[in-house]
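Examination of the molecular architecture
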Amino acid sequence: MAAFSIADLAPMTAGLYKLWAHTIRYDHAGEWDPITASRMEGKACVLALWHNELFALTAFGYIMKMPAVTLVSQSKDGEIIARMLERMGHVTARGSSTRGGVKALIKAARVMRKENRHGVLTVDGPKGPRHVPKPGALLLSRLSGNLIFPIRAFPERKVVFQRSWDKFEIPYPFTRCQIRVGEPIQAPDEEMDEAALNREAERLGRIMRGITPR
């Protein structure tokens with residue numbers, strides 16, 4: 001008999017998550033339109049998220065029926081997340097800044113081009129520092145040739161896990177949640193050394209930290 005894993009709960013967890021997502025009252029006030037238009041032109045985008053806003057933004061993507069390839073870490077927690085996302089119609093690319101990242105980015109870029117799916121990644125994950133981006137989104141932009149759109153979620157009522165490294169947020173059911181989209185950027189075409197990558201990552205961070213609720 002196969003050993004039980006908490007990842008085996010993914011079907012039930014995904015079902016509960018979908019129900020939860022339908023209760024949240026999202027307000028994106030047309031800000032999503034450039035992302036939709038870009039995909040309609042055959043150029044799916046790189047979507048940059050903060051790790052602590054993952055719950056609300058993944059739920060929003062599900063409600064919007066957004067086709068995505070999502071980068072997920074190779075950790076045990078990542079296995080649970082990957083199984084849930086796959087049940088919600090995502091393709092997953094397993095890897096992070098600490099393990100398997102380059103391979104995952106190459107897979108994600110290939111899926112973006114072939115299937116016209118948005119590439120999604122939490123730019124400060126999997127372990128922080130909080131709200132300090134790593135270069136993954138820039139590398140994926142360069143590999144896919146597509147724009148990066150920074151995206152943020154602002155639930156009116158939420159639980160904040162203050163002791164987690166990212167202060168992870170879970171919106172209350174039936175709360176209103178603003179979705180804000182920042183100015184798009186694209187990684188330079190030329191090869192970037194580590195210093196240049198870090199500068200571009202910090203620029204992305206400034207844009208994301210500057211996005212506020214209306």
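Everything that follows concerns the structure shown earlier in this document.
This write-up is about the structure you can find in this document. All chains use their own residue numbering, which begins from 1 and follows the written sequence. A pLDDT threshold of at least 70 governs which residues receive local features in this predicted model, and a stricter bar of 80 or more applies before side-chain atom pairs are shown or counted, although totals over entire chains, interfaces and linings include all residues. The side-chain values count all of the structure's non-hydrogen atoms but skip hydrogen atoms and water molecules.

Section: the overall build of the chain
Condition: Per the convention used, a helix needs a DSSP run of H or I reaching at least four residues, while a strand needs a run of E reaching at least two, with both numbered from the N terminus. The quantity called the radius of gyration is restricted to C-alpha atoms. Its globule counterpart is 2.2 Å times the number of residues to the power 0.38. Accessible area is worked out with a 1.4 Å probe on protein chains only. A residue is then buried under 20% of its type maximum, exposed over 50%, and partly exposed in between. Note on contacts: a residue pair qualifies if any of its non-hydrogen atoms lie within 4.5 Å across the two residues. Accessible areas in this description were obtained via Shrake-Rupley with a 1.4 Å probe; residue shielding takes into account the shown protein chains only.
Helix and strand counts for the chain stand at 7 helices and 9 strands. On C-alpha atoms alone, the chain measures out to a radius of gyration of 16 Å, which is about the 17 Å that the 2.2 N^0.38 rule sets for 214 residues. Reported as C-alpha extents along the three principal axes, the dimensions of the chain are approximately 50 × 50 × 35 Å. Within the chain, the fraction of its 214 residues that count as buried is 51%. In the chain, once contacts between residues fewer than 6 apart in sequence are set aside, the share between residues at least 24 apart is 75%. Of the roughly 11,100 Å² that the chain leaves accessible, carbon and sulfur atoms contribute 56%.

Regarding unusual backbone geometry
Residues other than glycine predominantly adopt negative phi, and peptide bonds predominantly adopt the trans conformation. Omega for the peptide link from Gly-125 to Pro-126 comes to 0°, which places this bond in the cis form. Assignment of secondary structure puts Pro-126 in the loop between strand 5 (118-122) and helix 6 (136-144). In the segment running from Gly-128 into Pro-129, the intervening peptide bond is cis, with an omega of 5°. Along the chain, Pro-129 turns up in the loop between strand 5 and helix 6. Residues other than glycine seldom take positive phi values, yet Ala-29 does so here, at roughly 40°. Relative to the elements of secondary structure, Ala-29 occurs in the loop between strand 1 (25-27) and helix 2 (33-40). At Asn-116, a residue that is not glycine, the phi angle is positive and equals roughly 55°. Positionally, Asn-116 belongs in the loop between helix 5 (101-115) and strand 5.

Focus: the pairing of strand 9 (residues 176-181)
Where we set the bar: Should DSSP find at least two bridges between two strands, the strands are regarded as paired.
Strand 9 sits mainly inside the fold: 5 of its 6 residues count as buried. Where strand 1 and strand 9 come together, 3 bridges link them in parallel fashion. Considered in strand 9, the bridge of Asp-27 is made with Gln-178. As paired elements, strand 6 (residues 148-155) and strand 9 share 5 bridges and run antiparallel to each other.

Thoughts on the environment of Cys-45
Tracing the backbone through its elements, the reader meets Cys-45 in the loop between helix 2 and strand 2 (46-49). The sequence separation of Cys-45 and Asn-146 amounts to 101 residues, and the corresponding C-alpha distance is 5.6 Å. With residues up to four places along the chain from it excluded, the contact list for Cys-45 reads Ile-35, Ser-38, Met-112, His-118, Gly-119, Asn-146, Leu-147 and Phe-149.

Regarding the side chain of Glu-53
Stated formally: For this analysis, a polar contact is any N or O atom pair within 3.5 Å, provided that within protein one partner can donate a hydrogen and the other can accept it, and provided that sequence-adjacent residues contribute only side-chain to side-chain pairs.
Mapped onto the elements, Glu-53 comes out in the loop between strand 2 and helix 3 (54-63). At 3.1 Å, the side chain of Glu-53 forms a polar contact with the backbone nitrogen of Ala-153.

Describing the nonpolar core
Formally: Definition used in this section: a nonpolar core is a set of buried Ala, Val, Leu, Ile, Met, Phe, Trp, Tyr and Cys residues joined via side-chain atoms within 4.5 Å.
Residues Tyr-26, Trp-32, Ile-35, Leu-47, Ile-151, Cys-177 and Ile-179 are the most contacted members of the largest nonpolar core, which totals 29 residues. Here the element with the most residues in this core is helix 3; it accounts for 6 residues. Residues contacting Tyr-26, with those up to four places away along its chain left out, are Ala-21, Ala-56, Ala-59, Phe-60, Ile-63, Cys-177 and Ile-179.

Here's the deal with the pattern of salt bridges
Oppositely charged side chains are able to pair whenever their charged atoms sit close together. The test is simple: By definition here, a salt bridge exists when the distance from a side-chain nitrogen of Lys or Arg to a carboxyl oxygen of Asp or Glu is within 4 Å.
Following the criterion strictly, the structure yields 14 salt bridges and no others. Between Asp-27 and Arg-214 there is a salt bridge, with its nearest N and O atoms 2.8 Å apart. With Asp-27 in strand 1 and Arg-214 in the segment after helix 7 (194-209), the pair connects residues that are 187 residues apart, well separated along the chain. Across the pair Glu-202 and Arg-209 runs a salt bridge whose closest N-O atoms are separated by 2.6 Å.

Observations regarding the pairing of strand 6
With 8 of its 8 residues buried, strand 6 lies for the most part within the structure. Bridge count between strand 2 and strand 6: 3 bridges; the pairing is parallel. Within the sheet, the bridge partner assigned to Val-46 lies in strand 6 and is Ile-148.

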